[in-house]
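Each chain is listed here by its residues.
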Amino acid sequence: MRDDRITAKHRSRLAVVYVRQSTERQVLEHGESQRRQRGLSVRAKRLGWPPERIGTIDEDLGVSASRSGERSGFERLVAETALGRVGLILALEVSRLSRGNRDWYHLLDVCAVTGTLLCDERQVYDPRTMDDRLVLGIKGTMSEAELSVMKERLVEAIRSRARRGEHRYRLPPGYVWDEAGRLVKVPDAREQASVELVFSRFRRLGTMHQTHISLAEEGVLVPVLAGKGRTIRYRRPSYNYVRRMLSNPLYAGAYVFGRRQVEEVLDASQRPRKRVRECGREDWHVLIRDHHEGYISWEEYEQNQRRIVGNRRGTAGPGAPRKGEALLAGLVLCGRCGRRMKVSYGRQGRQVRYVCSNRRRQTGEAICQSFGARRVEKAVEGLLLEALTPLGMEAMIEAARSHEAAVEEERRHFRQRVEGARYEADLARRQYESVDPANRLVAGELERRWEKALEALAAAEEEAAQRERVLSRPLTPEDEEWLRRCSSD
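Here is what the cut-offs are and how they apply
- As a convention, each chain's residues are numbered from 1 in the sequence order in which they are written.
- Selection of residues for local features in this predicted model requires a pLDDT of at least 70, selection of side-chain atom pairs for listing and counting requires 80 or more, and totals for whole chains, interfaces and linings are taken over all residues.
- Side-chain measures were taken over the full set of non-hydrogen atoms in the model, leaving aside hydrogen atoms and water.
- Two strands are said to pair when DSSP picks up at least two bridges between them.
- A run of DSSP states H or I qualifies as a helix once it reaches four residues; a run of E qualifies as a strand once it reaches two. Both are numbered from the N-terminal end.
- Here the term buried applies to any residue with accessible area under 20% of the maximum for its type, exposed to any over 50%, and partly exposed to those in between, with areas from a 1.4 Å probe on protein chains only.
- Simply put, an axis is a line fit to the C-alpha atoms, just over the touching stretch for a helix, and the angle between two N-to-C directions goes from 0 to 180 degrees.
- For salt bridges, the criterion is a side-chain nitrogen of Lys or Arg within 4 Å of an Asp or Glu carboxyl oxygen.
- Values of pLDDT, the confidence the predictor places in each residue, fall between 0 and 100.
- Stacked, edge-to-face and tilted labels apply to pairs of Phe, Tyr and Trp rings (six-membered ring for Trp) whose centres lie within 6.5 Å, assigned for plane angles under 30 degrees, over 60, and everything in between, in that order.

A.B. asks: Would you mind going over the pairing of strand 15 (residues 352-355) with me for this structure?
C.D. replies: The side chains of a regular strand alternate, residue by residue, between the two faces of the sheet. With 4 bridges joining them, strand 14 (residues 342-345) and strand 15 adopt antiparallel strand pairing. Bridging from a neighbouring strand, S344 pairs with R353 of strand 15. By the bridge criterion, 3 bridges tie strand 15 to strand 16 (residues 370-372) in an arrangement that is antiparallel. Paired with R353 across the two strands is G372, which belongs to strand 16.

A.B. asks: What exactly am I supposed to notice about the environment of L250 here?
C.D. replies: Among the structural elements, L250 can be located in the loop between helix 11 (239-247) and strand 10 (255-257). Judged by relative accessible area, which is 3%, L250 ranks as buried. Measuring from C-alpha to C-alpha, the distance between L250 and Y301 comes to 9.8 Å, with 51 residues separating the pair along the chain.

A.B. asks: Help me understand the sheet that holds strand 14 in this model?
C.D. replies: In sheet architecture, strand pairing relies on hydrogen bonds along the backbone and comes in two forms, parallel and antiparallel. If you walk across this open sheet you meet the 3 strands as 14-15-16, and the pairing is antiparallel. Each edge of the open sheet carries a strand with a single partner, namely strand 14 and strand 16. On average, adjacent strands in this sheet sit at an angle of 30° to one another, irrespective of strand direction.

A.B. asks: What should I look at first to understand the pattern of salt bridges in this one?
C.D. replies: Pairing between side chains becomes possible if they bear opposite charge and their charged atoms approach one another. Applying the stated criterion across every chain, the model contains 30 salt bridges. Close ionic contact of R275 with E263 constitutes a salt bridge, the shortest N to O distance being 2.7 Å. Linking R275 in strand 12 (residues 272-278) with E263 in strand 11 (residues 260-266), this pair joins segments that are 12 residues apart in sequence. Put simply, D426 and R429 hold a salt bridge, and the shortest N to O gap is 2.5 Å. Of this pair, D426 and R429 both sit in helix 15 (residues 392-434), 3 residues apart, roughly one helical turn. Taking the relative accessible area as the measure of exposure, D426 reaches 28% and is therefore partly exposed. One network of salt bridges, with partners in common, ties together D426, R429, R430 and E433.

A.B. asks: Help me understand the confidence of the model for the protein, please; the structure alone is not making it clear to me.
C.D. replies: Residues shown with low pLDDT carry predicted positions that ought not to be read at fine detail. In the predicted model, the protein carries a mean pLDDT of 83, and 88% of its residues have values of at least 70. Predicted confidence in the protein is weakest over helix 17 (residues 477-487), with a mean pLDDT of 68, and strongest over strand 3 (residues 86-90), with 93.

A.B. asks: Help me understand the packing of aromatic side chains, please; the structure alone is not making it clear to me.
C.D. replies: Ring pairs (aromatic) are described by centroid distance and by the angle formed between their planes. One pass over the full model with this rule turns up 9 aromatic pairs. Relative to Y295, the ring of Y175 lies with its centre 5.3 Å away and its plane at 80°, an arrangement referred to as edge-to-face. In this pair, Y175 sits in strand 6 (residues 175-177) while Y295 sits in the loop between strand 13 (286-288) and helix 12 (298-310), placing the two residues 120 residues apart along the sequence. Accessibility assignment for this pair places Y175 and Y295 in one class, buried. An aromatic cluster of at least three residues, connected via ring pairs, comprises Y175, F199, Y251 and Y295.

And the structure:
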């Protein structure tokens, strides 16, 4: 112990004990480490600090020391030290204070300027002396290297299990890990049917936007993971929900690891930050096809991805159909330069022209060419109808089959919703009946839950009945006449 470095000036200032653990799990399960760190206040008393000038900073419990700029406790410690209010900083070891050389050397520089000492379980250090600063620098470098080695070991162990398809991670709705560690479909029939409905709706409509609009307008509820466990809540789907489900290869029976990877970037203040980004298929760490039972085949998954890419606006393809009177929007190429031609609408949108204006937009030159849409579209219409006329009746039959399948899927969805609400009401009833009626503190709350479940059941039954009336509505004479015209159109 080198108490000769401690002077009365140091003891006139604060002695701060810095307490930190890296994760919330360590805070909950590893109490001995925290007790040892807090016990450093006894060491401060032995070094001559009165109890009223010994403080503790424990704001960073559950925060990793590698997160630069995200530890409010460490930032407060540096700020108090820079103001000359701290005479001694106590930590169990260097890794408690920092796992990165950037923050560590910044703290050493501040301590050297203000004359603040550092102390661990074994020794007191003065950052103003060359020998102590050299030792502290080596300790900081070893702490950073230790963290890097631990990370490499953990990551390689995870990747090794993932290459065998055995690494467990949080699964999206529709899948669970069974007792044997296998990836299987969830046994809940309603959850399965909801996932299948999203894929069948995209198969029928062809775009993510229309799939989302269709599900939202019909009031379809989809399973969503709530919380950190596997608690399922049924909610109206968002567009991002549909996008994530359609782009996830897990639903095609493939085990994938590394679709989203962490990268380090600089923020606006030039501080390093980590963010998660989605990677292309060539950058995935693991891809094992036919790993488990899928909701769609791998061929359909790849076809879906091509459709999604083709629906995007840009030079790669025409994009999804959009509003406007032009029949061939995004499909016409210029016969002179080969670029895709734009659609120009005249006054009130009645005069439609195809214009090759890319050269003017890029270099300021005159447009390549333009022409009216009427003659070109009439010629294309004639060719299209000539090719499709023999297939009119087959198309009607196929459309009728597709409509019947979609109606049956929707009926099944609402029936399962009613069945789920009925189960929740029955569960609430059984819980209420099992409690002692004299215990009003518990019985009153269970009665309220039962009434709420009954209200939800009545709402689900009413919504299902309304939807059934819409789906069972017979065709009117006008509808039948329209269908007859369509068969020859």
